[in-house]
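# Overview (structure and organization)
Listed below, chain by chain, are the residues.
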Amino acid sequence: MRFYFVTIALFALALSLASASDPDPVQDFCVALDDPKSAVFVNGKFCKDPKLAKAEDFSFKGLDIPGNTNNRVGSNVTTVNVDQIPGLNTLGISIVRIDYAPNGENPPHTHPRGTEILVVLEGTLYVGFVTSNPENRFFSKVLNKGDVFVFPIGLIHFQFNVGKTNAVAFAALSSQNPGVITIADAVFGSNPPINPDVLAKAFQLDQKVVENLQKVFKKNGN
């Protein structure tokens, strides 16, 4: 009998933790506000009184405009998440436009809170992702106009323009704010810097190489 009650208690605890992690919205929408007055705090944002919501809270203009790819990686990501469309709050979705110069890339990165589905509008992209330890399987494919590819949540992935012309892709992500961690920027451009001894050991590199990489990414990223 005691075992029975302990088992029930553990199941109850597990269910409570699962439901508390990311609950579904219990209202039609929750337009985000920065002003805490007369608002309710949900998913990291304050909610506007639904009676005061308007169409502009659910719209964004500008994804028809190409991003500036004149940078060290040759790409530009135009993000449309809850910070650009307040009405996305609690809805668990966002979108980005990605522009690529020839030989430009969206370098290896992860989205800790969202799965990504990408469609190529123009050009040819070489894309891929790597699974978690210990297998570290690499899945890759060359995509052309109209092709679609999925990057599972949290996995390192990239896109590289292998064509001779500019490329454009749109991607939807399964979070109002999926986050992004660009691997090279995070590792070599952290603020303050990670001890070079740690990175030299981890990447099996000479310490001077690590220090030079930190200078490059510190200058370009932070």
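Let us look at the structure shown here. (Residues numbered from 1 in each chain as written. Predicted model: local features only at pLDDT ≥ 70, side-chain atom pairs only at ≥ 80, totals over all residues. Heavy atoms only, no water.)

## Focus: unusual backbone geometry
Cis rather than trans, the peptide bond between Asn-133 and Pro-134 has omega equal to 0°. Here the amide bond leading from Asn-191 into Pro-192 is cis, since omega sits at 0°, within 30 degrees of zero. Considering the arrangement of structural elements, one finds Pro-192 in the loop between helix H2 (183-188) and helix H3 (196-203). At Asn-103, a position not held by glycine, the phi torsion is positive, near 70°. Within the secondary structure, Asn-103 is located in the loop between strand E5 (94-100) and strand E6 (105-110). For Asn-103, a relative accessible area of 57% puts it in the exposed group. (Helix = DSSP H or I, 4+ residues; strand = E, 2+ residues; numbered from the N terminus. Buried < 20%, exposed > 50% of the residue type's maximum accessible area, 1.4 Å probe, protein only.)

## So, the environment of Phe-170
Of note, Phe-170 is situated in strand E12 (residues 167-173). Phe-170 gets classed as buried once you look at its relative accessible area, which sits at 17%. For the pair Phe-170 and Val-119, spaced 51 residues apart in sequence, the C-alpha to C-alpha distance is 5.5 Å. Residues contacting Phe-170, with those up to four places away along its chain left out, are Leu-63, Ile-95, Val-96, Arg-97, Ile-117, Leu-118, Val-119 and Leu-121. (Contact = heavy atoms within 4.5 Å.)

## Examining a nonpolar patch on the surface
There is a patch of nonpolar side chains on the surface, built from Ile-117, Val-148 and Val-150 and spanning about 230 Å² of accessible area. With respect to the helices and strands, the residue Val-150 is situated in strand E10 (residues 148-151). (Patch = residues over 30% accessible without salt bridge, like charges linked within 9 Å, V, L, I, M, F, W, Y side chains within 5 Å. Areas by Shrake-Rupley, 256 points an atom, 1.4 Å probe, with all protein chains shown as cover. Salt bridge = Lys/Arg side-chain N within 4 Å of Asp/Glu carboxyl O.)

## A word on the packing of aromatic side chains
Applying the stated criterion across every chain, the model contains eight aromatic pairs. Arranged with centres 6.1 Å apart and planes meeting at 25°, the rings of Phe-138 and Phe-158 form a pair that is stacked. Of this pair, Phe-138 sits in strand E9 (residues 138-143) while Phe-158 sits in strand E11 (residues 156-161), and the two are 20 residues apart along the sequence. Given the relative accessible area of 15%, Phe-158 is considered buried. An aromatic cluster is present here, built from Phe-129, Phe-139, Phe-149 and Phe-151 joined pairwise through their rings. (Phe/Tyr/Trp six-rings, centres within 6.5 Å; stacked < 30°, edge-to-face > 60°.)

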